[in-house]
Amino acid sequence: MHQSIRHLKHRLSLATGLVIAASLLAACGGGESVDVDGSSDDGGGGGGGGTLQAAIGGEPDQLDPHLTTSYFSFQVLENVYDTLVEPDENLEMQPSLASEWETSEDQLTWTFTIREGVKFSDGSDLTSEDIAYTYNRIIDEELQPAYRLAGVKSIEAPDPTTLVINLDAPQPNLLSALGGYKGMAIVSKENVESGDVKNNPVGSGPFVLEDWSNGSSIQLARNDEYWGEAPALDGVEFTFVKDPTVALQNLQSGQVHWTDNLPPQQVDQLADSEDVVVESAPSQDYWYMAMNHEREPFDNPDVRRAIALALDREDIVKVAKFGNATVNQTAIPETSAWYHEYAPFEQDTDEAQQLLEDAGVDGLEMDLMVTSEYPETVSAAQVIASQLDEVGITVEIRELEFPAWLDEQGKGNFDSFMLGWLGNIDPDEFYYSQHHSKGSNNYQGYSNPEVDQMLDEARTETDEGARKELYGQIAEQIVDDVSYLYLYNPDVAQGWAPEVSGYEVRSDRAIRFRSTSLDE
Amino acid sequence: MGRFLVRRLAQSAVVLLGVTLVVFLLLQLVPGDPVRVALGTRFEQDTYDALRERAGLDRPLPVQYLSYVGNALTGDLGVSFRSGDPVTGIVLERLPATLTLAFFAVLFALLVSFPLGILSAVKNGSVLDHVARVFSQFGVSVPDFWMGILAIILFTGVLGWLPPSGYTPLGEDPVDWFKHLVLPSVTVGLVTAAILTRFIRSSVLEAMSEDYVRTAEGKGLSPRRVVTRHVLRNALIPVVTVAAVQLASLLGGVIVIEVLFAWPGLGQLTFDAVRARDYPVLQGAVLLVAALFLLTNLLVDLLYAKLDPRISVR
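Residues numbered from 1 in each chain as written. Chains lettered and ligands numbered in written order. Predicted model: local features only at pLDDT ≥ 70, side-chain atom pairs only at ≥ 80, totals over all residues. Heavy atoms only, no water.

**Some details on the pairing of strand β6 (residues 152-159) of chain A**
All names here are of chain A. Summarising the sheet, β6 and strand β7 (residues 162-167) pair through five bridges and their orientation is antiparallel. Opposite valine 152, over in β7, you have leucine 167 as the bridge partner. Here β6 folds back onto β7, and the loop between the two strands holds two residues. (Pairing = 2+ DSSP bridges. Helix = DSSP H or I, 4+ residues; strand = E, 2+ residues; numbered from the N terminus.)

Structure follows, in structure tokens:
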């Protein structure tokens, strides 16, 4: 008996061994190394063509530029659509579909000359009528970017190459309202009315959507009808890789050529690496903490100032961004033409404690609402909590899932929260809706009539110098009142394979592949 | 048998109806406003109201539920709140990837756990038994996403054998399909294998101490015959249940693993739908998973009758 059982066991373990060996053998596919899909098949050799494989951090929800708000959608759409004007690398507005423009003396009428010979990727002509249709669609259907056209009285297309926009009041930032965001992309009426725009958008940009395989990838091909210089790449394939470690493995193993989903803690180390190129640029984004001005004791500006004095932003940046950010006490980053240098708060725990004492605040307990959607808010909150602990304030960190976070923010159910604003260009975008007492994003409940007046004035101030000065004053007042407690402007880091050339990291996070090529 | 099937299917329909109601009610309790999530942080109140109306979210809850169920009966599960596409299509599109992953994970698990579990029982207390026990302890207690990351670092980063993530449909390129399948299915399969190994081991041990085994040995049957004819036949019936439950739960999509490996299955779809508060998609996905679960259970009951003549379906 003993012997036969051993025999059986031997046979079984042999079977196990075989199974494992077989699966390993099969797994390594005969020892072949993994090559990059697509680029080799497409015959893109020396010409810099081929298909660029790009890994982004998630899947677009849909591709109608006026309905989506997902950054993943805009990463794709940036390469499919054009806007009337578009930001260059310094975020100055340059001609795109409009080749030139002029404004009337009273600044209420803008006349744009539309480029001739522009075609949508389905071959139909793009004229001023399409542009008027686009803007009217956004306004009439009250779609998400409608706030950008709030000052528009009417839009006319008197002939195919002329577009006239009439305004209620002068709007010096009209160009950045029209071009600073891909959600203002010019769409084809036919494409919208057929309902195809969500999944099969037709634009006039350098690439055209070829295939969307749900859950895994979106493929773009070069748009042969493109009016600008033809892209070198045959196409771009976006894959959706949520985990940054996995995205990095994809880049390092040559599965993808490009990703912006890098593990933040590895960015510095990767910048020195030889097998991948990692570049960072300061972004237009800012991250801040806000206190609830409708709750005691945060209704007292001195209490808010005490908290501002208790913080050391450098420490926060080290922990939350691994140093890849620039501290700033205002919203607009140093790299912007609208930057206004102002930094009144230097960490001073004695003064902070004195302010709290004068305000009659002792043993303050507060919550700080952060979200796992943006892990940097969670790590920053830990530093903020320990810094506030030193001035006798106990912080309870409330980490919520983002939809729940938004709910609580909307209900005003918080002592304080931390979040960021992404991709603003014009100072009106940085300050108006957040700090005007009637602003739609003034969740903290800030109200300063002086600031309201200056914000209204700056909105329509057509003299650029005067406008800049006005925003400088606004920034100082907002900082002094601690409407927001500004923390830092993060860098945007992206990585690519050495054979990728002609790609630049942009401070507005737009992902443009039209001048990119693949060497070898 | 025919009557049994009809009765079971009717019961399943009632269960599915219950699932729709429970899911619908639960979703009302979850914090988070789909409209606000969809609009991001910057919008005007008019935009908010317009979208809420377009999505039908301004209607009273009973109206929303009844119209959902009414449409569902005709196979129309509504449209995604985020993309506007029909939910039925969205969830069915994700089914092949999930079925593939679940099937191969369970296959791997069975191939590993059967020999390992049986041998460790038969050779109780031996070195192999200890190895099997350590393996199953490891598989059950180590988080699968961590194992997944280690596997990616080893097989992609160090060895360069396998792609770290993604999915290729079988019809497009079978070799590529298999390469992408190995890491996620082995990662999921290891956990399942660990659970099954423990279960098989104890089940076989239990059967081996039964009187009929002693009788069989006493009759002078060869030990191999005792194990194959008497022990396994009895020990494996409960294993079928456990394996089927494992399979059914994998059919629900392995959220963490699908997200990690960028696998376009139901798990990842569910994850995205929850994050976006895309309730129609979430309801559709849950309904499909529930249906798969019921179907698996039904098949297991039928299989039981085949395996054990004492059980009959009526």
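**What to know about the packing of helix α1 (residues 2-29) of chain B against helix α13 (residues 279-307) of chain B**
Residue and element names in this part refer to chain B. Their axes nearest at 10 Å, the elements α1 and α13 cross at an angle of 150 degrees. Judged by the inter-axis angle, α1 sits roughly antiparallel to α13. Crossing of α1 against α13: the hand is right-handed. Along the contact surface, α1 presents Phe4, Leu5, Arg8, Leu9, Ser12, Val15, Leu16, Val19, Thr20, Val23, Phe24 and Leu27, while α13 presents Tyr279, Leu282, Gln283, Val286, Leu287, Ala290, Ala291, Leu294, Asn297, Leu298, Asp301 and Leu302. Counted by class, the contact of α1 with α13 contains 18 nonpolar, four polar and two charged residues. (Axes fitted to C-alpha atoms, helices over the stretch in contact; angles between N-to-C directions. Parallel < 35°, antiparallel > 145°, perpendicular 65-115°, else oblique. Left-handed = near helix turned anticlockwise from the far one by under 90°. Contact = heavy atoms within 4.5 Å. Nonpolar A, V, L, I, M, F, W, Y, C, P; charged D, E, K, R; others polar.)

**Description of the interface of chain B and chain A**
Between chain B and chain A, the contact holds 59 residues from the first and 62 residues from the second. Where chain B touches chain A, the interface holds six salt bridges. The partner of arginine 277 of chain B in a salt bridge is glutamate 401 of chain A, and the shortest N-O contact between them spans 2.6 Å. Elements supplying a minimum of two residues to the side of chain B that touches chain A: α2 (34-39), α3 (45-54), α5 (87-122), α7 (144-158), α8 (174-208), α10 (223-251), α11 (255-260) and α12 (266-276) of chain B. (Salt bridge = Lys/Arg side-chain N within 4 Å of Asp/Glu carboxyl O.)

**Structural notes on a negative patch on the surface**
All names here are of chain A. A cluster of acidic residues, Asp122, Glu190, Glu193, Asp196, Asp224 and Glu225, forms a negative patch on the protein surface. On the secondary structure map, glutamate 193 appears in helix α5 (residues 189-193). The exposure class assigned to glutamate 193 is exposed, which follows from its relative accessible area of 58%. (Patch = residues over 30% accessible without salt bridge, like charges linked within 9 Å, V, L, I, M, F, W, Y side chains within 5 Å. Areas by Shrake-Rupley, 256 points an atom, 1.4 Å probe, with all protein chains shown as cover. Lys, Arg positive; Asp, Glu negative; His and termini not counted. Charge placed at Lys NZ, Arg CZ, Asp CG, Glu CD. Buried < 20%, exposed > 50% of the residue type's maximum accessible area, 1.4 Å probe, protein only.)

**What to know about the sheet that holds β7 of chain A**
Residue and element names in this part refer to chain A. Reading across the sheet, the four strands line up as β4-β5-β7-β6 and stay open at both edges, with antiparallel pairing between neighbours. Strands with a single pairing partner mark the edges of an open sheet, and in this sheet they are β4 (98-103) and β6. If you compare each strand with its neighbour and ignore which way they point, the axes differ by 20 degrees on average. Here five bridges tie β4 to strand β5 (residues 109-114), and the two strands are oriented antiparallel to one another. By the bridge assignment, threonine 103 is partnered in β5 with tryptophan 110.

**Description of the domain arrangement of chain A**
Residue and element names in this part refer to chain A. Looking at the assigned domains, one finds that chain A contains domain 1 (33-260) and domain 2 (286-426 + 483-494). For domain 1 and domain 2, the distance between their C-alpha centres works out to 34 Å. Counting from both sides, the interface comprises nine residues of domain 1 and, opposite them, four residues of domain 2. Summed over both sides, the interface of domain 1 with domain 2 buries roughly 540 Å², with 57% coming from carbon and sulfur. Counting every contact that joins domain 1 to domain 2 gives zero salt bridges. Class assignment for the residues of the side of domain 1 that touches domain 2 results in four nonpolar, four polar and one charged. (Domains from an automatic or database assignment. Buried area = accessible area lost by both parts, 1.4 Å probe.)

**Examining the pattern of salt bridges**
All names here are of chain A. As enumerated under the stated definition, the model contains 29 salt bridges over all chains in all. Between glutamate 86 and arginine 514 there is a salt bridge, with its nearest N and O atoms 2.6 Å apart. Note that glutamate 86 is positioned in strand β2 (residues 85-87) and arginine 514 in the loop between β19 (500-501) and β20 (517-518), a separation of 428 residues in sequence. Taking the relative accessible area as the measure of exposure, glutamate 86 reaches 10% and is therefore buried. A residue is classified by how much of its surface remains accessible, and arginine 514, at 23% relative accessible area, is partly exposed. A salt bridge links lysine 119 to aspartate 125; its shortest N-O distance comes to 2.9 Å.

**What about helix α15 (residues 464-481) of chain A?**
Residues and elements named next belong to chain A. Look at α15: 26 Å from first C-alpha to last across 18 residues, which is about the 26 Å you get at 1.5 Å a residue. Along α15, the residues classified as buried are Arg467, Leu470, Tyr471, Gly472, Ile474, Ala475, Ile478, Val479 and Asp481. The inward-facing, buried residues of α15 abut α8 (301-310), α13 (427-435), α14 (449-460) and β18 (485-496). In the stretch just after α15, valine 482 is the one whose phi turns positive, near 50 degrees. (Expected span 1.5 Å × (residues − 1).)

**Observations regarding the layout of surface pockets**
All names here are of chain B. The space that makes up the second largest pocket amounts to roughly 1200 Å³. Lining the second largest pocket are 50 residues, with Ala55, Gly56, Leu57, Phe81 and Pro280 positioned closest to its centre. Every element with two or more residues in the lining of the second largest pocket is listed here: α1, α2, α3, α4 (61-73) and α13. Ranked by residue count, the leading element in the lining of the second largest pocket is α4, at five residues. (1 Å grid on protein atoms, 1.4 Å probe; cavity = no way out; pocket = protein on both sides within 12 Å on 5 of 7 lines; lining within 4 Å. Points joined across faces, edges and corners; volume = space filled by probe spheres on them.)

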